[in-house]
Amino acid sequence: WLRFHFLFTSLACAISQKLGVFEAKRAPWHEIAKLSLSQVGSVAFVNFSLLYNSVGMYQVLKLLNIPVICVMEFFWLGITYSGEIKISLMLL
């Protein structure tokens, strides 16, 4: 099934690009490698979380990822968010 997922995603991206939905851009390999490693790590930690926690705790931790990432981006990258986004994050 995983092969079908990748095949469908590749086809959908190719068709979307041809239709002008987005423009493909080149990125340095080290930036792509960082993104790839973070995605692999994310999947691994999600699986570990499910292994050691209840499903309810897993859902809470997954939901808390969003505000934690926003705080990390603020301190490490100086990224700020609008007041509306901050208020919506406080609801989490």
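Right above here is the structure, for reference.
Residues numbered from 1 in each chain as written. Predicted model: local features only at pLDDT ≥ 70, side-chain atom pairs only at ≥ 80, totals over all residues. Heavy atoms only, no water.

Undergrad: Mind laying out the overall build of the chain, listing which residues take part and the relevant values?
TA: Helix and strand counts for the chain stand at four helices and zero strands. Element order for the chain, N to C, with α for helix and β for strand: α-α-α-α. Taken against the 2.2 N^0.38 rule, which gives 12 Å for 92 residues, the C-alpha radius of gyration of the chain at 17 Å runs more than 25% over that of a compact globule. The principal-axis extents of the C-alpha atoms in the chain amount to approximately 40 × 35 × 25 Å. (Helix = DSSP H or I, 4+ residues; strand = E, 2+ residues; numbered from the N terminus. Rg over C-alpha atoms; globule rule 2.2 N^0.38 Å.)

Undergrad: Which residues make up the packing of aromatic side chains, and what values do they have?
TA: Working definition: an aromatic ring pair is given by the centre-to-centre distance plus the angle between the planes. Under the definition given, this model contains one aromatic pair. Arranged with centres 5.2 Å apart and planes meeting at 75 degrees, the rings of phenylalanine 74 and phenylalanine 75 form a pair that is edge-to-face. Note on phenylalanine 74: relative accessible area 43%, which makes it partly exposed. Look at phenylalanine 75 and you get exposed, because its relative accessible area is 64%. (Phe/Tyr/Trp six-rings, centres within 6.5 Å; stacked < 30°, edge-to-face > 60°. Buried < 20%, exposed > 50% of the residue type's maximum accessible area, 1.4 Å probe, protein only.)

Undergrad: Got a sec to walk through the environment of valine 21? Specific residues and values, please.
TA: Take valine 21: it is sitting in the loop between α1 (2-18) and α2 (29-52). Taking the C-alpha atoms as reference, valine 21 lies 25 Å from alanine 33; in sequence the two are 12 residues apart.

Undergrad: Outline the side chain of serine 49, listing residues and values.
TA: Locating serine 49 in the fold gives a position in helix α2. Of the residues examined, serine 49 reaches a relative accessible area of 14% and is grouped as buried. Aside from chain neighbours lying at most four places away, what touches serine 49 is Tyr58 and Leu61. (Contact = heavy atoms within 4.5 Å.)

Undergrad: Give me a nonpolar patch on the surface: which residues, what numbers.
TA: A cluster of nonpolar side chains, namely Met57, Val60, Leu61, Leu64, Val68, Val71, Met72, Phe74, Phe75, Trp76, Leu77 and Ile79, defines an oily patch on the protein surface of about 1200 Å² accessible area. Along the chain, the position of isoleucine 79 falls in the loop between α3 (55-77) and α4 (83-90). (Patch = residues over 30% accessible without salt bridge, like charges linked within 9 Å, V, L, I, M, F, W, Y side chains within 5 Å. Areas by Shrake-Rupley, 256 points an atom, 1.4 Å probe, with all protein chains shown as cover. Salt bridge = Lys/Arg side-chain N within 4 Å of Asp/Glu carboxyl O.)

Undergrad: Any chance you could break down the environment of valine 55 for me, citing the residues and the numbers?
TA: Residue placement: valine 55 occurs in helix α3. For valine 55, a relative accessible area of 56% translates into the label exposed. Between the C-alpha atom of valine 55 and that of tyrosine 81, which follows or precedes it by 26 residues, the distance is 30 Å.

Undergrad: I'd like to hear about α1, residue by residue, with values.
TA: Helix length check: α1, at 17 residues, gives a terminal C-alpha distance of 24 Å against a target of 24 Å (1.5 Å per residue), a fit within 8%. Phi for glycine 20, located one or two positions after α1, is positive at around 80 degrees. (Expected span 1.5 Å × (residues − 1).)

Honestly, that's just the spatial picture; any functional story needs more than this.
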